[in-house]
Amino acid sequence: MPARIDTKILAAWCSVAVSLVALGMKYAAWRVTDSIALYSDAVETIINVVSAVAGLWALRVASLPPDHNHTYGHYKAEYLSAVAEGVLVVITAITIAHEAWVGFQHMHAPEDSLLGISLNGGAGLLNLGWGLVLLRLGRAHHSPALVASGHHVLSDVWTSAVLIGGFILIPLTGWLWLDPLLAAMISVNVLRTGWDMMRTSIAGLMDEAPNSETLTEIRSIISHTATGAMEAHDIRARIVGAMTFIEFHLVVPGTMSVEDAHHICDRVEEGLRAGVGNALINIHVEPERKAKHTGVLVLP
């Protein structure tokens, strides 16, 4: 566990550093071009920096051990960070939309387009590499904060790609309205990304059930490791950050000793943790007269 936590926090620190470098490059791109579109892209990157700092805070809080006020741990801090990041992204979209509207009213030709495109493109390549790393680390360590940051960074990459493609056309065609139009497109994309981030994080805060593949794996593990029991029913599970919470009723023969039932539970818990990773498991043992003949039948 400590190694996993250290990796996640190190990734969060790197996110702050990458965001600051990208912000510097995009700010320079805007200053040399005076482009509304590049300004909008730089504004979005400011939110990336704020989000990276918020993600770092969330990961540090989530890594704290359970205490008397938080007996189930602090894992949901990552979801709070992701929701806050989503709110910031929506605010950014509104700000960019306003700048696009002003740009339509006062159109002008960008300056030194080649240097601006080079700086913005370099920041985009930096974000592309780091965004892919964040997604891989977030999924490997079951970190909503890292996954949300990865999607946010990659949305910035696609935005930069479209922006550069359109920006090249401005000096070639003389269509000055392309600059504010690109800013408006950035606003829409940022808004979509923010909504997706908030929706996913809120689902985690509301203890949404895992996907069907995870539930099937849990049922299969119980079925193959609970030898000696009869059935398992009322199986429930939820994933909170890096922790999976699982609870169910395990039916055993009425004449079975407490010690034997305990050994079965230990075996099931070991199998579940081997299959799904970190897990907090609550098994309620019941005699056979409580069997519902539903749920998971234990394989002999």
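Residues numbered from 1 in each chain as written. Predicted model: local features only at pLDDT ≥ 70, side-chain atom pairs only at ≥ 80, totals over all residues. Heavy atoms only, no water.

## Some remarks on empty space enclosed by the protein
Move 1: For the structure on display, the rule yields two cavities of 30 Å³ or more.
Move 2: In this structure, the largest cavity is lined by Ser 15, Ser 19, Asn 48, Ser 51, Ala 52, Glu 85, Trp 130, Leu 134, Ser 149, His 152 and Val 153.
Move 3: Elements with a contribution of two residues or more to the lining of the largest cavity: helix H1 (2-33), helix H2 (36-62), helix H4 (113-140) and helix H5 (144-173).
Move 4: Grouping the constituent residues of the lining of the largest cavity by class yields four nonpolar, six polar and one charged. (1 Å grid on protein atoms, 1.4 Å probe; cavity = no way out; pocket = protein on both sides within 12 Å on 5 of 7 lines; lining within 4 Å. Points joined across faces, edges and corners; volume = space filled by probe spheres on them. Helix = DSSP H or I, 4+ residues; strand = E, 2+ residues; numbered from the N terminus. Nonpolar A, V, L, I, M, F, W, Y, C, P; charged D, E, K, R; others polar.)

## So, the packing of aromatic side chains
Move 1: All told, the structure shown has three aromatic pairs when counted by the stated rule.
Move 2: Relative to Tyr 39, the ring of Trp 30 lies with its centre 5.1 Å away and its plane at 55 degrees, an arrangement referred to as tilted.
Move 3: Across from the ring centre of Phe 245, 4.2 Å away, lies the NZ or CZ of Arg 238, which sits over that ring. (Phe/Tyr/Trp six-rings, centres within 6.5 Å; stacked < 30°, edge-to-face > 60°. Lys NZ or Arg CZ within 6 Å of the ring centre and 35° of its normal.)

## Topic: the nonpolar core
Move 1: Ile 218, Ile 222, Ile 246, Phe 248, Leu 250, Val 268 and Leu 272 are the most contacted members of the largest nonpolar core, which totals 22 residues.
Move 2: Those elements giving two or more residues to this core turn out to be helix H7 (212-225), strand S1 (231-240), strand S2 (243-252), helix H8 (258-276) and strand S3 (279-287).
Move 3: The element contributing the most residues to this core is H8, with five residues.
Move 4: Residues contacting Val 268, with those up to four places away along its chain left out, are Ile 222, Thr 225, Ala 226, Phe 248 and Ile 283.
Move 5: Ala 29, Val 43, Ile 170 and Leu 182 belong to the second-largest nonpolar core, a separate cluster that totals 18 residues. (Core = buried A, V, L, I, M, F, W, Y, C linked by side-chain atoms within 4.5 Å. Buried < 20%, exposed > 50% of the residue type's maximum accessible area, 1.4 Å probe, protein only. Contact = heavy atoms within 4.5 Å.)

## A short note on the UniProt feature "transmembrane region" (unreviewed entry) in the chain
Move 1: Mapped onto the present numbering, the UniProt feature "transmembrane region" (unreviewed entry) falls on residues 9-30, 36-59, 79-97, 117-137 and 157-178.
Move 2: As annotated, residues 9-30 has a helix share of 100% and a strand share of 0%, and its two end C-alpha atoms lie 31 Å apart.
Move 3: This span, residues 36-59, is 100% helix and 0% strand, and a straight line between its end C-alpha atoms measures 35 Å. (UniProt positions renumbered as here; feature names shortened; annotations may be inferred.)

## Considerations on the sheet that holds S1
Move 1: The four strands are arranged S3-S2-S1-S4 in an open sheet whose pairing can be described as mixed. With partners counted over all chains shown, the strands left at the sheet margins are S3 and strand S4 (296-297), one partner each.
Move 2: In terms of strand pairing, S1 meets S2 through eight bridges, oriented antiparallel. Residue pairing for S2: Arg 236 is matched across the bridge by Glu 247.
Move 3: On the sheet, H8 packs against S2 and S3 and is oriented at approximately 150 degrees with respect to S3. (Pairing = 2+ DSSP bridges. Axes fitted to C-alpha atoms, helices over the stretch in contact; angles between N-to-C directions.)

## Things to note about the pairing of S1
Move 1: Strand direction decides the pairing type here: S1 and S4, joined by two bridges, are antiparallel. From the neighbouring strand, Ala 232 faces S4, where its bridge partner is Val 296.

## What about the confidence of the model for the chain?
Move 1: Looking at the chain as a whole, its pLDDT mean stands at 81, while 93% of the residues score no less than 70.
Move 2: Of all helices and strands in the chain, the one with the weakest mean pLDDT is helix H6 (residues 178-205) (75), whereas H8 scores best (94). (pLDDT = per-residue confidence, 0-100.)

## Brief notes about the domain arrangement of the chain
Move 1: Under the domain assignment used here, the chain contains domain 1 (5-204) and domain 2 (210-295).
Move 2: Look at where the C-alpha atoms of domain 1 and domain 2 centre, and you get two points 42 Å apart.
Move 3: Of the residues lining the interface, eight residues belong to domain 1; the matching set on domain 2 comes to nine residues.
Move 4: Buried area between domain 1 and domain 2, both sides added, is near 700 Å², and the carbon and sulfur share of it is 65%.
Move 5: On the domain 1 side of the contact with domain 2, Tyr 72, Tyr 75 and His 142 bury the most area, a combined 65% of that side's loss.
Move 6: Linking domain 1 with domain 2 are zero salt bridges, by the criterion used here.
Move 7: One can count zero residue pairs in polar contact (both at pLDDT 80 or more) joining domain 1 with domain 2. (Domains from an automatic or database assignment. Buried area = accessible area lost by both parts, 1.4 Å probe. Salt bridge = Lys/Arg side-chain N within 4 Å of Asp/Glu carboxyl O. Polar contact = N/O pair within 3.5 Å; in protein donor to acceptor, adjacent residues only side chain to side chain.)

## Here we look at the side chain of Ser 35
Move 1: Take Ser 35: it is sitting in the loop between H1 and H2.
Move 2: Among all residues touching Ser 35, those that are not within four sequence positions of it are Trp 30, Pro 110, Phe 167 and Asp 179.

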